[in-house]
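# Architecture at a glance
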Amino acid sequence: MKATDFTRSDWEIIDGFTLNPNILYLPYHYTAMCLSQLETLRRANLYRARWYVAPPDITQLIAAYDTNETQIQVTPGSWLWGLSYNEYSDAYVILDGNHSLIQVTDNCTGVPLFHEYASGRGNTGYRNAQDFRGGIMPVLLTEPRCVVEPGLINVEVANTSASAIRAQLVLFFAEPCIITGQVRDEQSVGGDSYGKGIMSTGGMSGIRRGGK
Amino acid sequence: MSTTFHSTAFGANPSYTAFERANYATQCLNHHISMWRDIAFQGGLNTMCCPASMSGGEPPWIVMPPQGIRLQQVTGISLPGVEGVETPVVSLTMPIGYDGVITLHLQLYTGTGFVEFSGDLHWRIRINQWYVKDYGNMETTLGSLQTPIPLNRGGIRLKALQKVVYSVTLGAGALGNLAGGRMIAGLFGWRYPIS
């Protein structure tokens, strides 16, 4: 049987979200609703996971009242679907994220992910005996965001406290795999990197590791 | 699942399963990407949706448009009596329906005993809860009442309902060094109606 023999309704999604028994299925909760919005991305082949961190150097201190600006380059055509944030003291003790603000902006469109700088506390999984506000990581976006050329993302992490902190924002992307033979077909057909070249030649191979 | 595979750069590895084409979900994503590429190629959403420019082609935060309203707030307060507390000197809130930009500022102390970069005074510009980069901890006098200083990198863009606070914090031991005078801060720029 080929994958194309299956109908859409027969095609169960098998991934970390379905295999993790710690994730409770609460149909009217934010996470469950976001997962439904991610269905197309979860079913797509020819994509692989790619996580980017900002700042790239966890040892880099963010001075008091300062903002760390990082620009990361992702593969054009990638999809941002989640994020996770952690804040640390200069001694690498994990903090609750109350002293930082984050902002992510697509450099191509200039559209920020958050309307205003978002509190780090709302995007971290930190919790302790007195504070259980830490959420399920990663924080899912209401729908995945595509990033087209030039594939530049500006990340700002602002420290609002009187002490230096360390921080790491992890952005969860699904990036397109370069299909073997795609370059040959693009040269012969003149198709673009996505869609047209694949569909017009019909003879390209998408490779996915693992199988069953 | 398909068990056929093509000879590729990965070799004839039975751990790989080959698909001949992108599945329907990938095609759906590719269509979406193509759409956004077309939008970017045509100049972006702003160009497509709001082609008319208000001031001769320059964005309104670069050149003040005819509908713009000048923004100028200069305030002086007496020397705070507490150290380590952020004391607002200038506060302004952008009105609904207006964006803006701050292009000039000034900060100075008219009393005695202040030494530049001594740590006695910490000036900060904050927008809501975000301390503007490079302006979150200034320890020196910048500009004057006659000549405010331009902001580095052109200006600070503001959005409707954002609150801007220009504050000063006395460092440890500052009250023993400073005497009299006023803490003066100023913000200059313009606001314009959101198009």
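Residues numbered from 1 in each chain as written. Chains lettered and ligands numbered in written order. Predicted model: local features only at pLDDT ≥ 70, side-chain atom pairs only at ≥ 80, totals over all residues. Heavy atoms only, no water.

### Focus: the confidence of the model for chain A
All names here are of chain A. Here chain A averages 79 in pLDDT, while 75% of its residues score no lower than 70. Here strand β10 (residues 206–209) stands out as the least confident element of chain A, with mean pLDDT 33; strand β8 (residues 152–159) is the most confident, with 96. Below a pLDDT of 50 lies the segment residues 183–212, which in the model reaches 61 contacts outside its immediate sequence neighbourhood of four places, other chains included. (pLDDT = per-residue confidence, 0-100. Helix = DSSP H or I, 4+ residues; strand = E, 2+ residues; numbered from the N terminus. Contact = heavy atoms within 4.5 Å.)

### So, the sheet that holds strand β6 (residues 130–131) of chain B
Residue and element names in this part refer to chain B. The strand order β3-β9-β5-β6 describes an open sheet built from 4 strands, whose pairing is antiparallel. Looking along the sheet, the strands with just one partner apiece sit at the ends: β3 (86–93) and β6. Pairing analysis gives 2 bridges linking strand β5 (residues 121–127) to β6, with the strands arranged antiparallel. Looking at the pairing, arginine 126 lines up with tyrosine 131 of β6. (Pairing = 2+ DSSP bridges.)

### Quick look at the pairing of strand β4 (residues 98–109) of chain B
Residue and element names in this part refer to chain B. Among the 12 residues that make up β4, 10 are buried, leaving the element largely enclosed by the rest of the structure. Note that β4 and strand β10 (residues 182–193) share 11 bridges and pair antiparallel. Looking at β10, one finds that leucine 108 is bridged to isoleucine 184. Here 3 bridges tie β4 to strand β8 (residues 156–158), and the two strands are oriented antiparallel to one another. Each bridged residue has a counterpart across the sheet, and for valine 101 the counterpart in β8 is arginine 157. (Buried < 20%, exposed > 50% of the residue type's maximum accessible area, 1.4 Å probe, protein only.)

### Examining the sheet that holds strand β5 (residues 100–106) of chain A
In sheet architecture, strand pairing relies on hydrogen bonds along the backbone and comes in two forms, parallel and antiparallel. In space, the 4 strands of this open sheet follow the order β2-β8-β5-β6 (chain A), with antiparallel pairing throughout. With partners counted over all chains shown, the strands left at the sheet margins are β2 (67–73) and β6 (118–119) of chain A, one partner each.

### Topic: the packing of aromatic side chains
Following the criterion strictly, the structure yields 8 aromatic pairs over all chains and no others. Consider the rings of tyrosine 52 of chain A and phenylalanine 173 of chain A, whose centres lie 5.3 Å apart with planes at 90 degrees: the pair is edge-to-face. Here phenylalanine 173 of chain A lies in strand β9 (residues 165–176) and tyrosine 52 of chain A lies in strand β1 (residues 47–54), a separation of 121 residues in the sequence. Phenylalanine 173 of chain A gets classed as buried once you look at its relative accessible area, which sits at 1%. Taking 4.7 Å as the distance between ring centres and 75 degrees as the angle between the ring planes, the aromatic pair formed by tyrosine 65 of chain A and tyrosine 131 of chain B counts as edge-to-face. Taken together, the residues tyrosine 65 of chain A in the loop between β1 and β2 and tyrosine 131 of chain B in strand β6 connect one chain to another. (Phe/Tyr/Trp six-rings, centres within 6.5 Å; stacked < 30°, edge-to-face > 60°.)

### Concerning the nonpolar core
The biggest cluster of nonpolar side chains holds 34 residues, and the ones touching the most others in it are Leu121, Trp123 and Ile125 of chain B. Contributions of two or more residues to this core are made by β2 (69–78), β3, β4, β5, β8, β9 (163–170) and β10 of chain B. Counting residues in hydrophobic clusters, the runner-up holds 24 residues, among them Ile62, Val74, Phe114 and Val139 of chain A. (Core = buried A, V, L, I, M, F, W, Y, C linked by side-chain atoms within 4.5 Å.)

### Digging into the pattern of salt bridges
All names here are of chain A. For the structure on display, the rule yields 8 salt bridges over all chains. For arginine 50, the salt bridge is made with glutamate 175, and the minimal N-O distance between the two is 3.3 Å. Placement of arginine 50 in strand β1 and of glutamate 175 in strand β9 is noted, with a sequence separation of 125 residues between them. Classification of arginine 50 by relative accessible area gives partly exposed; the value is 38%. For glutamate 175, a relative accessible area of 3% corresponds to the buried category. If you follow the salt bridges from partner to partner, you end up with Arg48, Arg50 and Glu175 in one network. (Salt bridge = Lys/Arg side-chain N within 4 Å of Asp/Glu carboxyl O.)

### Section: the state of the cysteines
Residues and elements named next belong to chain A. Enumeration according to the criterion identifies 0 disulfides over all chains in this entry. A disulfide-free cysteine, cysteine 146 has its sulfur positioned 8.9 Å from the sulfur of cysteine 108, the nearest such atom. Residue cysteine 146 is classed as buried on the basis of its relative accessible area, which comes to 12%. (Disulfide = S-S within 2.5 Å.)

### Examining unusual backbone geometry
With omega at -5 degrees, the peptide bond leading from alanine 54 of chain A into proline 55 of chain A counts as cis. Mapped onto the fold, proline 55 of chain A is located in the loop between β1 and β2. Glutamate 149 of chain A connects to proline 150 of chain A through a cis peptide bond whose omega is 5 degrees. By secondary structure assignment, the location of proline 150 of chain A is in the loop between β7 (139–147) and β8. The phi dihedral of leucine 46 of chain A is positive, around 65 degrees, even though this residue is not glycine. Within the secondary structure, leucine 46 of chain A sits in the loop between α3 (39–43) and β1. For asparagine 128 of chain B, which is not glycine, the phi torsion reads 55 degrees and is therefore positive. Tracing the sequence through the fold places asparagine 128 of chain B in the loop between β5 and β6. For asparagine 128 of chain B, a relative accessible area of 25% puts it in the partly exposed group.

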